[in-house]
Amino acid sequence: MNALIRWALDLLYPPKCMLCGRLLESSEDTLCGKCGQELPEYDGPLRTVPLIDATVAPFFYAPPIRDAILRFKFHGMQGYAGQFAKWMAVWVRDHLEGKYDLIAWAPCSRRRRWTRGFDQAELLAKALAAELDGETVCALRKIRHNQKQSRTANAARRRANVLGVYEAINPAAWSGKRILLVDDVVTTGATASECAKVLRMAGAAGVVCAAIAVTGPENK
C-alpha cells in the first residue's frame, strides 16, 4: 500500500490493538507492546485428543486471547482471523509439517452461521491455508443444531452433545488424504474427536488438528 494512503487511513481510522483496544502507531501493527508481552503462550506438551494424531495451538485459552476470540466469534470481528492464522501457522509449521494434505474445519450449524453471519472455523481454515500455501476442502457439515459446548458442564456431556451432529460431504475429493482440522478452541477435545471420527469413517487417512487456543487442565 502506498505510504501516503496508509498514513491517511491511519489518520481517519486510528489502528487499535486487537487485544486491548489501545491506539497503535501504525496499521502495520496488530498488538501494543504491553499485550505482546502478556500473551498466554501455550508451553505444554501437544494436547492428546482421541482419534487425532496431533493437536497444536499457540495459546492457552486465557486473557487477553480469550477475550479476542469471544469478540471474533460473537461480535463480528472477522478481521481477527488473519492474525490468529499467522500465530497458528507457526505451530503448524513446527509440529505438523508433512503430516497433512488438505485443510478442513469443524463447521458450525446453519442456524449459528445465520446468526453470526459467518463460520469462524471456516474463516480460520481459509486464512491458515493462505499462510501455509495450503488447500482447503469442505469435508464436514453440521446436520443438527446442538447446545453450545461452552454451556455444557463436563467432558462426558460435551461428548454426548456432539454425538452424531456431523456428516462427511464430498468424500471423493479427500478420501485417502490426511486432513488438518481447524477449530477455534480445544477444551475437552470432544468436537475435534467427533469430527475426526466422521472423517476417518469416510476415508481420511489421518487427522491432525490446529486451534487458536487450548484450555488448561483446570478448565477441561
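Treat the numbers as computed from the prediction; the structure is a model and nothing was measured. (Residues numbered from 1 in each chain as written. Predicted model: local features only at pLDDT ≥ 70, side-chain atom pairs only at ≥ 80, totals over all residues. Heavy atoms only, no water.)

Draft legend 1. Inspection of the pattern of salt bridges at higher detail. Tallying each qualifying case throughout the model produces 9 salt bridges. For Asp 184, the salt bridge goes to Lys 73, with nearest N and O atoms at 3.0 Å. Placement of Asp 184 in the loop between strand S6 (178-182) and strand S7 (185-186) and of Lys 73 in helix H3 (residues 65-74) is noted, with a sequence separation of 111 residues between them. Assigned by exposure class, Asp 184 and Lys 73 land together as buried. Here the salt bridges do not stand alone but share partners, grouping Arg 113, Glu 122 and Lys 126 into one network. (Salt bridge = Lys/Arg side-chain N within 4 Å of Asp/Glu carboxyl O. Helix = DSSP H or I, 4+ residues; strand = E, 2+ residues; numbered from the N terminus. Buried < 20%, exposed > 50% of the residue type's maximum accessible area, 1.4 Å probe, protein only.)

Draft legend 2. Region of interest: the sheet that holds S7. Strand order in the open sheet formed by 3 strands is S2-S9-S7, and the pairing between neighbours is parallel. One side of each edge strand has no neighbouring strand; the edge strands of this open sheet are strand S2 (59-60) and S7. Strand direction decides the pairing type here: S7 and strand S9 (residues 213-214), joined by 2 bridges, are parallel. Among the inter-strand pairings, Val 186 is bridged to a residue of S9, identified as Val 214. (Pairing = 2+ DSSP bridges.)

Draft legend 3. Expanded view of helix H6 (residues 120-132). The first and last C-alpha atoms of H6 sit 18 Å apart over 13 residues, in line with the 18 Å expected at 1.5 Å per residue. The set of residues buried in H6 consists of Gln 120, Ala 121, Glu 122, Leu 124, Ala 125, Ala 127, Leu 128, Ala 129 and Leu 132. Each element contacted by the buried residues of H6 is listed here: H3, helix H4 (80-95), strand S3 (102-105), helix H5 (110-116) and S6. Once H6 finishes, Asp 133 follows within two positions and takes phi at roughly 55 degrees, a positive value. (Expected span 1.5 Å × (residues − 1). Contact = heavy atoms within 4.5 Å.)

Draft legend 4. Broad picture of the side chain of Ser 193. Following the sequence through the fold, Ser 193 ends up in helix H8 (residues 190-201). Its relative accessible area of 13% is what places Ser 193 among the buried residues. Setting aside chain neighbours within four positions, we find Ser 193 in contact with Val 49, Pro 50 and Leu 51.

Draft legend 5. How the structure looks around the sheet that holds strand S8 (residues 206-210). Strand order in the open sheet formed by 4 strands is S1-S8-S6-S3, and the pairing between neighbours is parallel. Every interior strand has two partners, whereas the edge strands, strand S1 (55-56) and S3, have only one. Sheet analysis places S6 next to S8, joined by 5 bridges and oriented parallel. Its bridge partner lying in S8, Leu 180 is registered against Val 208. Packed on one face of the sheet, H6 meets S3 and S6 and runs near 160 degrees to S3. (Axes fitted to C-alpha atoms, helices over the stretch in contact; angles between N-to-C directions.)

Draft legend 6. Spotlight on the packing of H4 against H6. Running from amino to carboxyl end, H4 crosses H6 at an angle of 60 degrees, the nearest separation of the two axes being 8 Å. Of the possible angle classes, the one that applies to H4 and H6 is oblique. Crossing handedness for the pair H4 and H6: right-handed. Contacts from Ala 81, Gly 82, Phe 84, Ala 85, Lys 86, Met 88, Ala 89, Val 92 and Arg 93 of H4 reach H6 at Leu 123, Leu 124, Ala 127, Leu 128, Glu 131 and Leu 132. Class assignment of the residues belonging to the contact of H4 with H6 gives a composition of 11 nonpolar, 1 polar and 3 charged. (Parallel < 35°, antiparallel > 145°, perpendicular 65-115°, else oblique. Left-handed = near helix turned anticlockwise from the far one by under 90°. Nonpolar A, V, L, I, M, F, W, Y, C, P; charged D, E, K, R; others polar.)

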